[in-house]
Amino acid sequence: MARNHSSLIGNEEAHLIIIKLGGAAITDKTRLSVIKRKTIASTARVLEKYRDYIIVHGAGSFGHIPVKKYSLAGPIRSQRQLIGYSKTKASLLKLETELVSILSKNHVPAAPVAASSCLMADHGRIVSQNFATVASMLKLGLVPCIGGDLVQDISLGASVVSGDQIAVNLAIAFHAHTLIFGTDVDGLFTANPKLNNNAKLISTLDPVGLKKWTEKAGPANVPDASGGMRGKLTEILPAVMADIKVIIINLDMPSRLQAAMDGKTVKGTQISH
Ligand code: ADP
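Residues numbered from 1 in each chain as written. Predicted model: local features only at pLDDT ≥ 70, side-chain atom pairs only at ≥ 80, totals over all residues. Heavy atoms only, no water.

## Concerning helix H6 (residues 132-140)
The criterion, for reference: For the exposure calls, accessible area comes from a 1.4 Å probe over protein chains only, and a residue counts as buried if that area is under 20% of its type's maximum, exposed if over 50%, partly exposed in between. Runs of H or I in DSSP of at least four residues are treated as helices and runs of E of at least two as strands, each being numbered from the N terminus. The directions from the helix axis to the C-beta atoms are what the arc is built from. In what follows, residue pairs with any heavy atoms lying within 4.5 Å of each other are defined as contacts.
Among the residues making up H6, those that are buried are Val134, Ala135, Met137 and Leu138. Burial along H6 is one-sided: seen end-on, the buried residues are contained in an arc of 160 degrees. Of the residues in H6, the exposed ones pointing more than 90 degrees away from the buried face are Lys139 and Leu140. Contact partners of the buried residues in H6: strand E3 (53-57), strand E4 (110-113), strand E7 (143-147) and helix H7 (163-173). Phi turns positive one or two residues past the end of H6, at Gly141, with a value near 100 degrees.

This is the structure:
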């Protein structure tokens, strides 16, 4: 379990929502650095009506493609990897700049936070975290915006920490009541819906069902350093066990995001204890 250094985090955040914008939803994962501006703008138009939430986002093609190209998933040993690390950071900053620009243009007071400045990892798992800055931003009325990142790693030098893992840690640290995962499909299906037309949407899951489907779910069918849908499900269990309502929805449907933000029943996959 990650150590938590933030004294600013109290129980008063129990009304908080964490919304994760999936890399597949906000970028074209098959093409380097292609951002889905329309999806981000329609998401922002929903979110501008709310307060007290944190945006977490995936890196999509801005991260997964250079991570693969420069072999950054394993220990960092070579000069080529160090240059690749730097190039990947530049690419991630480009995504962050675009994302925060679109959000602020649409009246969301988004405040970028570098995950690598508040986390340390060991073999890709968060082992220490300091969310004092995030808590302070929330108190001011800002919307912290934090992405999957290359983070300093005790064993590997640096490693990829996914937006999914960060979203779950934030949800637990801030006692969020709801954690929304927005992605490019309607939720969790009985098979990858992009490869199987007969795949059926799973609307509700309990922890036992979650474990079962984690083993069955496939990876993303594109470069993805954090395991696609299977990676996401693996991360979710601790949030569910902490009594946080977890929902996976399609971010291309703004009305579903609005319903999820309002705590209404929504088309998607709801996972609860
Ligand atoms: P994001 O980057 O938005 O967080 P991921 O790419 O990690 O999302 O996961 C979503 C992708 O997972 C979908 O685009 C889909 O192709 C793939 N996938 C594989 N198996 C499943 C499944 N059983 N149900 C839903 N999606 C699945």
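## Regarding the sheet that holds strand E13 (residues 269-271)
Just so we agree on the cut-off: A pair of strands is considered paired only if DSSP assigns at least 2 bridges between the two. For every element, the axis is a line fit to its C-alpha atoms; helices are fit only across the contacting stretch, and the angle between N-to-C directions ranges from 0 to 180 degrees.
The mixed open sheet is built from eight strands, whose spatial order is E4-E7-E3-E2-E10-E12-E13-E11. At either end of the open sheet lies a strand with only one pairing partner, and these are E4 and strand E11 (204-205). Strands in contact with H6 are E3, E4 and E7; relative to E4, the strand with the most contacts, it is inclined by about 175 degrees.

## Comments concerning the pattern of salt bridges
Pairs can form between side chains of opposite charge whenever their charged atoms are close. Threshold: For salt bridges, the criterion is a side-chain nitrogen of Lys or Arg within 4 Å of an Asp or Glu carboxyl oxygen.
Under the definition given, this model contains nine salt bridges. Notably, a salt bridge pairs Asp28 with Arg31, separated by 2.9 Å at the nearest N-O pair. Close ionic contact of Lys232 with Asp164 constitutes a salt bridge, the shortest N to O distance being 3.3 Å. Of this pair, Lys232 sits in helix H9 (residues 228-241) while Asp164 sits in helix H7, placing them 68 residues apart in sequence. By relative accessible area, Lys232 is classed as buried at 8%. Salt bridges linked by common partners bring Lys20, Asp164 and Lys232 together as one network.

## Let's talk about unusual backbone geometry
Of note, Ser71 is a non-glycine position whose phi angle comes to about 50 degrees, a positive value. Structurally, the position occupied by Ser71 is in the loop between helix H3 (60-69) and helix H4 (79-105). We note that His123 has phi near 50 degrees; this positive angle belongs to a residue other than glycine. Relative to the helices and strands, His123 is located in the loop between strand E5 (119-122) and strand E6 (125-129).

## Considering H3
Counting buried residues in H3 gives seven out of 10 residues, a clear majority hidden from the surface. Within the span of H3, buried status applies to Gly60, Ser61, Phe62, Gly63, His64, Pro66 and Val67. Looking at the buried positions of H3, the neighbouring elements they touch are helix H1 (23-26), H4 and strand E9 (157-161). Ser71 lies just past H3 and shows a positive phi near 50 degrees.

## Notes on the environment of Gly22
Structurally, Gly22 is set in the loop between strand E2 (17-21) and H1. Taking the C-alpha atoms as reference points, Gly22 and Ala41, 19 residues apart in sequence, are found 14 Å from one another. Once residues lying within four places of it in the same chain are set aside, the contact partners of Gly22 are Gly58 and Gly182.

## Section: the state of the cysteines
Rules: Only a pair of cysteine sulfur atoms within 2.5 Å counts as a disulfide in this structure description.
Applying the stated criterion across every chain yields a total of zero disulfides. Summary of cysteine pairing: Cys118 is not part of a disulfide, and the nearest cysteine sulfur, belonging to Cys145, is at 12 Å.

## Section: the environment of Ala44
Within the secondary structure, Ala44 is located in helix H2 (residues 37-47). Residues Ala44 and Asn196 lie 152 residues apart in sequence; the distance between their C-alpha atoms is 31 Å.

## Re the nonpolar core
Applied cut-off: By nonpolar core is meant a set of buried Ala, Val, Leu, Ile, Met, Phe, Trp, Tyr and Cys residues that side-chain atoms within 4.5 Å join together.
Ranked by internal contacts, the top residues of the largest apolar core, which has 47 residues, are Ile18, Ile54, Leu170, Phe174 and Leu179. Looking at this core element by element, the count peaks at six residues for H7. By size, the runner-up hydrophobic cluster in this structure holds 33 residues, among which are Ile40, Leu99, Ile102 and Ile249.

## Observations concerning the pairing of strand E8 (residues 149-153)
Counting buried residues in E8 gives four out of five residues, a clear majority hidden from the surface. In the sheet, E8 pairs with E9 via five bridges, with the strands oriented antiparallel. Across the sheet, Asp149 pairs through a bridge with Val161, a residue of E9. If you look at the hairpin formed by E8 and E9, you'll find three residues sitting between the two strands.

## Here's the deal with the side chain of Thr269
Let me state the cut-off plainly: N or O atoms closer than or at 3.5 Å make up a polar contact, with two conditions inside protein: a donor-capable atom paired with an acceptor-capable one, and, for residues adjacent in sequence, both atoms drawn from side chains.
The topology assignment puts Thr269 in strand E13. There is a polar contact of 2.8 Å between the side chain of Thr269 and the backbone nitrogen of Leu188. Looking at Thr269, its side chain comes within polar contact range of the main-chain oxygen of Ile202, at 2.6 Å. Other than its neighbours up to four places away in sequence, Thr269 contacts Asp186, Gly187, Leu188, Leu201, Ile202, Ser203, Leu205, Val246, Ile247 and Ile248.

Read these as layout, nothing more, since geometry by itself doesn't imply function.
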